[in-house]
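Structure at a glance
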Amino acid sequence: MKLCCIGHTFYYETEKLCRLFLPFEKIEIVEEFVDDDFLAITKKEDTCIYSSLKIGDSFCECTGNLPSDYNDRDAEREIAGILYKCFTKLTGYEAKWGIVTGIRPARLYSSVIKELGSEEKAKEFFREKFFVNDEKISLCRETFKAEEDIIAMSSKNSFSLYVSIPFCPTRCSYCSFVSHAVEKAEKLIPKYVEYLCKEIIYTAEIAKELNLRLETVYIGGGTPTTLSAQQLERVIGLIRSSFDLTYLREFTVEAGRPDTITEEKLSVLKNLMVDRISINPQTMNDDVLSVIGRAHTTQQTVDAFLLARKIGFDNINMDVIAGLPGDNVDSFKDSLMQIGQLKPESVTVHSLSMKRSSRMNVNGDFPEIEIGKMADEMVMFARSFLTNKGIIPYYMYRQSKTVGNLENVGYSVKGKECLYNVFIMDETHTILGCGASAVTKMRQPSGDYIERVFNFKYPYEYMDRFDIILERKNAIKEFYKKYPI
């Protein structure tokens, strides 16, 4: 598709808008008029704006006007808005999030409230300017309210620790994370643990030197419980002995895949005072599990959950994904009802991130629209079902190329929310990352400025270039010299 941007430089936002409807289409941006059978035009001339969309023989156009005192942000939004109207007219599809494309819609909602001075004005702005429907505005409001209380827990010298274990029993077909199947990477794990422990110690020394206050620990992946019980004990024990845990509010380990969970591993976690775990089925349909490449059964999920309860875990999260290949609305509802019977403290409902490539054809057909409608029915059911059980939304984020342009939402009973999820999504405070693919994200103590330090993605690269990892960690000290607490 060709995207003509004439009289303005809002390439990024208009391209993102096109990708709401055409997630896999190659989009070529040009700065002057061209003719093509697959063409979008956006144009600004003084305060007049224009957009048109051509797909084969189908064509539509929209016009608008900017206020005389407009700024670039207003112009960018209004141009995206009229392009959105063209797409909805030609496809018959109205995205429930309208033109909102950012990762953190609840944070955007909060900022609009502050700017306009009231929640009612923010709701109207979301509805009229962003084209967000009332259902999603309500979801923004609920998550924003829940996040507020958690964000308030953090202080200027607070931080969270993220530890990456980038290994899984098998690689799921939908996975976009850096993770390696144990079958191929098993020989790497002992050496990886050695280097990871060195980085944890070095990171703890920096945190101590800077007088940073550890609030939450999150061990994710991958699947951390691919490590042996002894390896888990070493890593978690080292975290507990290296960091000052005086202010620690939460310690999460993603147990994740039920086929990696044993009584010995769960006992290690419990004995080391891990107080929150995830057991993630993604679906409770064995046929769908087989399609997506997860080598466990629904019964193994149930058994792992009950074992965790027996050992004493009283804060367990379970993940499900809406829109999985081979799944349907009835099957998804059944998965949630089975999960509901287990009574986990939290459930995270993800929307599938699409990998398939398709293209709107000259008849206006759009395969992702139908998949998106099905996924939307799934997430609507999840919200109703979980809320009725007192499991309410407390954090939310969005990704590109998700089915139906939908969202990922964490639901929790009151008092069992994952604080780390909120802190990292809101960018509340600094996150120190250890391990392959981990990202250290430093937040200015008295402002919103963010700097990032990236670890190498892959375990072999992480180990081979470990000296560079430690050298990069010194950027944390430099950051806090520039922005003292």
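Conventions adopted
Residues numbered from 1 in each chain as written. Predicted model: local features only at pLDDT ≥ 70, side-chain atom pairs only at ≥ 80, totals over all residues. Heavy atoms only, no water. Helix = DSSP H or I, 4+ residues; strand = E, 2+ residues; numbered from the N terminus. Rg over C-alpha atoms; globule rule 2.2 N^0.38 Å. Buried < 20%, exposed > 50% of the residue type's maximum accessible area, 1.4 Å probe, protein only. Contact = heavy atoms within 4.5 Å. Pairing = 2+ DSSP bridges. Axes fitted to C-alpha atoms, helices over the stretch in contact; angles between N-to-C directions. Expected span 1.5 Å × (residues − 1). Polar contact = N/O pair within 3.5 Å; in protein donor to acceptor, adjacent residues only side chain to side chain. Phe/Tyr/Trp six-rings, centres within 6.5 Å; stacked < 30°, edge-to-face > 60°. Lys NZ or Arg CZ within 6 Å of the ring centre and 35° of its normal. pLDDT = per-residue confidence, 0-100. Parallel < 35°, antiparallel > 145°, perpendicular 65-115°, else oblique. Left-handed = near helix turned anticlockwise from the far one by under 90°. Nonpolar A, V, L, I, M, F, W, Y, C, P; charged D, E, K, R; others polar. Salt bridge = Lys/Arg side-chain N within 4 Å of Asp/Glu carboxyl O. Core = buried A, V, L, I, M, F, W, Y, C linked by side-chain atoms within 4.5 Å.

**Some thoughts on the overall build of the chain**
Broken down by element type, the chain carries 16 helices and 18 strands. Relative to the globule expectation of 23 Å for 485 residues, the C-alpha radius of gyration of the chain, 24 Å, shows essentially globular dimensions. Taken over the C-alpha atoms alone, the chain extends approximately 65 × 55 × 45 Å along its principal axes. Taken across its 485 residues, the chain has 57% of its residues classed as buried. Long-range contacts, defined here as pairs at least 24 residues apart, represent 72% of the contacts in the chain between residues at least 6 apart.

**Digging into the sheet that holds strand E1 (residues 2-6)**
Taking strand neighbours across the sheet as the criterion, the five strands line up as E2-E1-E3-E4-E5 in an open arrangement whose pairing is mixed. Each edge of the sheet is formed by a strand with only one pairing partner; in this case those strands are strand E2 (28-30) and strand E5 (58-65). For this sheet, the mean inter-axis angle between neighbouring strands, taken without regard to orientation, is 15°. Of the pairings in the sheet, the one linking strand E3 (residues 38-45) to strand E4 (residues 48-55) comprises eight bridges and is antiparallel in character. Note that in E4 the partner of Leu39 across the bridge is Lys54.

**Observations concerning helix H12 (residues 329-342)**
Its 14 residues place the ends of H12 20 Å apart at the C-alpha level, agreeing with the 20 Å of an ideal helix rising 1.5 Å per residue. The complete set of buried residues in H12 reads Val329, Ser331, Phe332, Ser335, Leu336, Ile339, Gly340 and Leu342. Of the residues that open H12, the one with a side-chain oxygen 3.1 Å from the backbone nitrogen of Asp330 is Asn328. Positive backbone phi, approximately 60°, marks Lys343, located one or two places after H12.

**Notes on the packing of aromatic side chains**
Per the stated rule, a full pass over the model turns up 24 aromatic pairs. On the numbers, 4.7 Å between centres and 10° between planes, the contact of Phe21 with Phe87 is stacked. Pair noted here: Phe21 is in helix H1 (residues 11-21) and Phe87 is in helix H2 (residues 72-91), with a separation of 66 residues, a long-range link. No difference in accessibility class separates Phe21 from Phe87, as the two residues are buried. Seen from their ring centres, Tyr449 and Tyr483 are 5.5 Å apart, and the 45° between their planes marks the pair as tilted. Placement of Tyr449 in the loop between strand E17 (439-443) and strand E18 (450-454) and of Tyr483 in the segment after helix H16 (466-482) is noted, with a sequence separation of 34 residues between them. When its relative accessible area of 38% is taken as the criterion, Tyr449 is described as partly exposed. For Tyr483, a relative accessible area of 23% puts it in the partly exposed group. Put simply, the rings of Phe21, Tyr84, Phe87, Tyr93 and Phe131 touch in pairs and so form one group of aromatic residues. The ring of Tyr247 carries Arg213 above its face, with NZ or CZ at 4.4 Å from the centroid.

**Re the confidence of the model for the chain**
Overall, the predicted model of the chain reaches an average pLDDT of 92, with 94% of residues at or above 70. The low-confidence segment residues 356-365 (pLDDT under 50) makes 19 contacts with residues lying over four places distant or belonging to another chain.

**Concerning the packing of helix H3 (residues 105-116) against helix H4 (residues 119-128)**
Contact geometry of H3 with H4 gives a least axis separation of 8 Å together with a crossing angle of 120°. Relative to H4, the element H3 is oriented oblique. For H3 against H4, the interelement crossing comes out right-handed. Facing Pro105, Leu108, Tyr109, Val112, Ile113 and Leu116 of H3, the residues of H4 in contact are Glu119, Lys121, Ala122, Lys123, Phe125 and Phe126. Its residues assigned to classes, the contact of H3 with H4 comprises nine nonpolar, no polar and three charged.

**What to know about the pattern of salt bridges**
One pass over the structure, following the stated rule, counts 33 salt bridges. When the shortest N-O distance is used, the salt bridge between Lys96 and Asp376 registers 2.7 Å. With Lys96 in the loop between H2 and H3 and Asp376 in helix H13 (residues 367-388), the pair connects residues that are 280 residues apart, well separated along the chain. By relative accessible area, Asp376 is classed as buried at 13%.

**A word on the environment of Lys477**
Topologically, Lys477 is positioned in helix H16. C-alpha of Lys477 to C-alpha of Thr283: the two residues are 194 residues apart in sequence and 44 Å apart in space. Residues contacting Lys477, with those up to four places away along its chain left out, are Ile206, Glu209 and Leu210.

**A short note on the nonpolar core**
Residues Leu161, Ile239 and Phe243 are the most contacted members of the largest nonpolar core, which totals 138 residues. Ranked by the residues each element gives to this core, the list is headed by helix H7 (residues 189-209), at 10 residues. Look past the residues within four positions of Leu161 in its chain and what remains in contact with it is Leu214, Thr216, Val217, Tyr218, Ile239, Phe243, Tyr420, Leu432 and Cys434. Grouped together as the second largest cluster of nonpolar side chains are 15 residues, Tyr162, Tyr397, Leu419 and Val422 included.

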